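Now for the letters of each chain:
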Amino acid sequence: ASAIGEAVRSESSIGLRKTRMGLFTFDTTLHCYQLAHLRPRSAAADASDCPPQPRMVVVPDVSEVYLPLPVCAMEDETEEKPALFAALDALPESFRDTCVQGSCLGAALKAAMLAFGPNGGKIVVFAASSPSVGEFSKPHGCYAAVQSAAAREAGPRRAGKESPLGGLATQLANAKVSVEFFAAPKEGFMDLAGLSPLPRFTGGDLHYFPDFVAARDAARLQAELSRVLRRRQGRAAELRLRVSRGWKVSKVHGHFLTKKLNHLLVANCHEDQGFLVSVEPEDTPLAGGNKPAPGKNPAPLAFSGFKPPCFVLQVALSFTDADGLRRVRVFTWAASSSSRSIADVALCTDAAVVAALLAVRALDDGDASDLAGARSRLQQECQQIAQACGPSCQEALSPLHLRVLGMLKSAAFRASSGDVGPDLRAALWSRLEALPIDQLDPYLRPALLPALPPTLQQPGAPDAGPAAGGRPCGCGHEEPHSLPWCLPLARSSLSPDGVYLLDDGETISAWIGRDVPLDPWSLWQLLCGAGDVRQHQGPWAEACVALFRALCCSRRYGFLLRLGPMVRQGDSGEEAFLSRLIEDDGPGQLLSFRKWSQCLFLPSAPC
């Protein structure tokens, strides 16, 4: 609650002059807070001495939700700001000793929808448990089957538009209301797969904080909430797609509500959002759009496999901006579609985009069948691309193969050994289909970065340059936020006298060589901001903190990454870190990257 209050209190976080905000809390009942039209208790008292006090009214009947009070406050009215801040500040103390267990999340969502006008808006939900009271609640025993070993291996089954929550999400999207869902359970299972339609069909995002601890996760929650409130965004957006004659839009991936295949409703469109569009040739496009005359043979006019000399994709986005003005943005992209060899196509392909598209297509199989089917499709499609291009394109396709292998070995797709729960997997799936490519790429291809200053590396230490197979990890920032070259994701990149950070898009883990005088607990405190760099001898502590800050700054909005395990060489937890080096093979892992990449070009070899 304190992190939420600090994020909302910041003037820079609001960013909108005409923002109206309301507040609800809920357990087994719904609590409405009156923030608008408040006056000091005494007419003679000065408003600064006696600030407005918010009123809380409890709605005990969650089966038929209503609003007993006007709950929205104009944020640009100074009289009503203190009421909102007072309500947020009082939340921790008001519910500190509560013994009520339960959640009427469905009633809270419906009450919030009643508070919106015809222009729509955004609902930011903070929940620590799944609905257990009222609408959309499930019997407690039904979650046992979802958490079984067989269910973990099958993967989460995300609810669709036909589910009850999917129906509510459709209503919210049609009412121009988006949902940002912050899930922060202290322990236990939340069924995020069942709750995923709320952000998925309304243009929102799912933010997951497993095993939430305020001392550890409050800063990250505050940073993400501040970003949600501060980023550039458009309300009540509509996205329309057009392609050249002879082509058609086959599928669009992302968080939106589909009105038609080429007409999407996005209740909230923002700069941290991405959409992937698949196009394919039409079956029998007609030249000039002419229809054959009755009784005539259509063959002369039909061009099976016809490809125009230029492919054009046009995207039109209409939205309402922060000032209430309707805006239209049109983007047109054209490329030559003249006949080329498949090798030429492979050379000019963006590996990150293709890997992301293969991943979200595999997620569709995961929703329809199971996780094994998703892995199988991801592998088969990658193998089909490799065999169509031939062995001569192995080097050109290497970036794509590395990303696909990274996905197969990631927590989103790999077989569960008890360390990946259904909630974590559902949260990762939600991020994979919604993030833009620049933020999605670390999930596909983790980055192994040396924290030891180059001047202190001894002769024979792994080189971070291209000669050793490294790759640039530029973040678009100048010094001091520039990042070093990424090392190959293999054990051979690790040196006993170095410290290395591994960024997988969601967490930052560290491996400390046995010759480095820095223990994992001290490093964890330093990266959390709880330690003092000056208390540590040598340059390792300062180098680790500088690299961690550069990684956070490399994100588009300075995103605070979650800290993963910190291990020392030879410790018992080292194998968990080494198993995430995707270019190596290991127990329970797929082949090494070199062997797997070669295997893709063999027609009959299983990968």
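Residues numbered from 1 in each chain as written. Predicted model: local features only at pLDDT ≥ 70, side-chain atom pairs only at ≥ 80, totals over all residues. Heavy atoms only, no water.

In this section: the overall build of the protein chain. The helix and strand tally for the protein chain stands at 20 helices and 19 strands. Carbon and sulfur atoms form 54% of the exposed surface of the protein chain, whose accessible area is close to 28600 Å². (Helix = DSSP H or I, 4+ residues; strand = E, 2+ residues; numbered from the N terminus. Areas by Shrake-Rupley, 256 points an atom, 1.4 Å probe, with all protein chains shown as cover.)

Here the focus is the packing of helix 4 (residues 105-114) against helix 7 (residues 164-174). Two elements in contact, helix 4 and helix 7, have axes whose closest approach is 11 Å; the angle formed by their N-to-C orientations is 15°. As the angle between them shows, helix 4 and helix 7 are arranged roughly parallel. Here helix 4 runs over helix 7; the crossing is left-handed. Contact residues: helix 4 offers Leu109, Lys110 and Met113, while helix 7 offers Leu168, Gln171 and Leu172. When grouped by side-chain class, the residues that make up the contact of helix 4 with helix 7 number four nonpolar, one polar and one charged. (Axes fitted to C-alpha atoms, helices over the stretch in contact; angles between N-to-C directions. Parallel < 35°, antiparallel > 145°, perpendicular 65-115°, else oblique. Left-handed = near helix turned anticlockwise from the far one by under 90°. Contact = heavy atoms within 4.5 Å. Nonpolar A, V, L, I, M, F, W, Y, C, P; charged D, E, K, R; others polar.)

This brings us to helix 10 (residues 214-230). Here helix 10 spans 23 Å end to end across 17 residues, near enough to the 24 Å set by a 1.5 Å rise per residue. Where helix 10 is concerned, the buried positions are Asp217, Arg220, Leu221, Glu224, Leu225, Ser226, Arg227, Val228 and Leu229. (Expected span 1.5 Å × (residues − 1). Buried < 20%, exposed > 50% of the residue type's maximum accessible area, 1.4 Å probe, protein only.)

Okay, the nonpolar core next. Grouped together as the largest cluster of nonpolar side chains are 51 residues, with contacts concentrated most on Val404, Met407, Phe413, Leu432, Leu448, Leu494 and Phe577. Per-element accounting of this core gives the leading share, eight residues, to helix 12 (residues 351-368). In this structure Val404 touches Leu358, Leu378, Cys382 and Trp596, once residues within four positions along its chain are discounted. In terms of nonpolar packing, the next biggest core, distinct from the first, is built from 29 residues, Cys32, Leu105, Val125 and Phe136 among them. (Core = buried A, V, L, I, M, F, W, Y, C linked by side-chain atoms within 4.5 Å.)

Moving on, we get to the sheet that holds strand 7 (residues 177-183). The three strands are arranged 6-7-8 in an open sheet whose pairing can be described as parallel. The open sheet has two edge strands, strand 6 (121-127) and strand 8 (206-208), and neither has a second partner. Taken pair by pair, the neighbouring strands of this sheet meet at an average axis angle of 15°, ignoring direction. By the bridge criterion, seven bridges tie strand 6 to strand 7 in an arrangement that is parallel. The residue of strand 7 that forms the bridge with Phe126 is Phe182. The strands that helix 4 touches are strand 6 and strand 7; relative to strand 6, the one it contacts most, it runs at about 160°. (Pairing = 2+ DSSP bridges.)

The next point concerns the confidence of the model for the protein chain. In this model, the protein chain carries a mean pLDDT of 78, and residues with pLDDT of at least 70 account for 75%. In this model residues 39-45 is a low-confidence stretch, pLDDT under 50, and it forms six contacts with partners more than four residues away in sequence or in other chains. (pLDDT = per-residue confidence, 0-100.)

Take the packing of aromatic side chains next. Counting across every chain of the model gives eight aromatic pairs. Aromatic side chains Phe209 and Phe212 sit 6.3 Å apart centroid to centroid with 90° between the ring planes, which places their arrangement in the edge-to-face category. We classify Phe209 as buried; its relative accessible area is 1%. A residue is classified by how much of its surface remains accessible, and Phe212, at 19% relative accessible area, is buried. Each residue in the set Phe126, Phe182, Phe209 and Phe212 is aromatic and connected to the rest through ring pairs, giving one cluster. (Phe/Tyr/Trp six-rings, centres within 6.5 Å; stacked < 30°, edge-to-face > 60°.)

This part is about the packing of helix 13 (residues 371-389) against helix 14 (residues 394-408). With their axes 10 Å apart at the nearest point, helix 13 and helix 14 run at an angle of 170° to one another. One way to sum up the angle between helix 13 and helix 14 is to call them roughly antiparallel. In contact with Arg375, Leu378, Gln379, Cys382, Ile385, Ala386 and Cys389 of helix 13, helix 14 contributes Leu397, Leu400, His401, Val404, Met407 and Leu408.

One open sheet holds the five strands; their spatial order is 11-12-9-14-15, and the pairing between them is antiparallel. The open sheet has two edge strands with one neighbour each: strand 11 (257-260) and strand 15 (326-336). Across the sheet, the mean angle from the axis of one strand to that of its neighbour is 25°, orientation sign disregarded. Note that strand 9 (residues 233-243) and strand 14 (residues 310-320) share seven bridges and pair antiparallel. Within the sheet, the bridge partner assigned to Glu238 lies in strand 14 and is Ser318.

To continue, consider the environment of Ile342. Topologically, Ile342 is positioned in helix 11 (residues 342-347). For Ile342, a relative accessible area of 41% corresponds to the partly exposed category. Here the alpha-carbon distance between Ile342 and Gly390, two residues 48 residues apart in the chain, equals 8.9 Å. Not counting residues up to four positions away in its chain, the partners in contact with Ile342 are Ala388 and Cys389.

The next point concerns the pairing of strand 12 (residues 263-270). Summarising burial for strand 12: eight of the eight residues are buried, a large majority. Relative to strand 12, strand 9 runs antiparallel, the two being bridged by seven bridges. Along strand 12, the bridge assignment pairs Gln233 with His270. Linking strand 11 back to strand 12 in an antiparallel pair, the connection comprises two residues.

So, on to the state of the cysteines. For the coordinates displayed, the defined rule picks out zero disulfides. Just so you know, Cys104 is unpaired, no disulfide at all, and the nearest cysteine sulfur is the one on Cys32, 9.9 Å from it. A relative accessible area of 0% places Cys104 in the buried class. (Disulfide = S-S within 2.5 Å.)

The topology assignment puts Glu574 in helix 19 (residues 574-578). At 6.7 Å, Arg514 is the nearest oppositely charged side chain to Glu574, a buried residue that forms no salt bridge. At 3.0 Å, the side chain of Glu574 and the side chain of Trp511 are in polar contact. (Lys, Arg positive; Asp, Glu negative; His and termini not counted. Salt bridge = Lys/Arg side-chain N within 4 Å of Asp/Glu carboxyl O. Polar contact = N/O pair within 3.5 Å; in protein donor to acceptor, adjacent residues only side chain to side chain.)

Before going further, it helps to examine the pattern of salt bridges. Opposite charge on two side chains lets them pair, provided their charged atoms get close. In the structure shown here, the tally under the stated rule is 24 salt bridges. In this structure, Glu271 engages Arg227 in a salt bridge whose closest nitrogen and oxygen atoms are separated by 3.0 Å. Highlighted residues: Glu271 in the loop between strand 12 and strand 13 (276-281) and Arg227 in helix 10, separated in sequence by 44 residues. Under the relative-accessibility criterion, Arg227 is labelled buried at 9%.

Here we come to the environment of Ser63. Within the fold, Ser63 resides in the loop between strand 4 (55-59) and strand 5 (73-74). In this structure the side chain of Ser63 is engaged in a polar contact, spanning 2.5 Å, whose partner is the side chain of Asp61.

What follows covers unusual backbone geometry. One non-glycine residue, Asp191, adopts positive backbone phi at about 60°. Assessed through its relative accessible area of 9%, Asp191 is described here as buried. Phi angles above zero are rare outside glycine, and Asp211 is one such case at about 50°. Among the structural elements, Asp211 can be located in the loop between strand 8 and helix 10.

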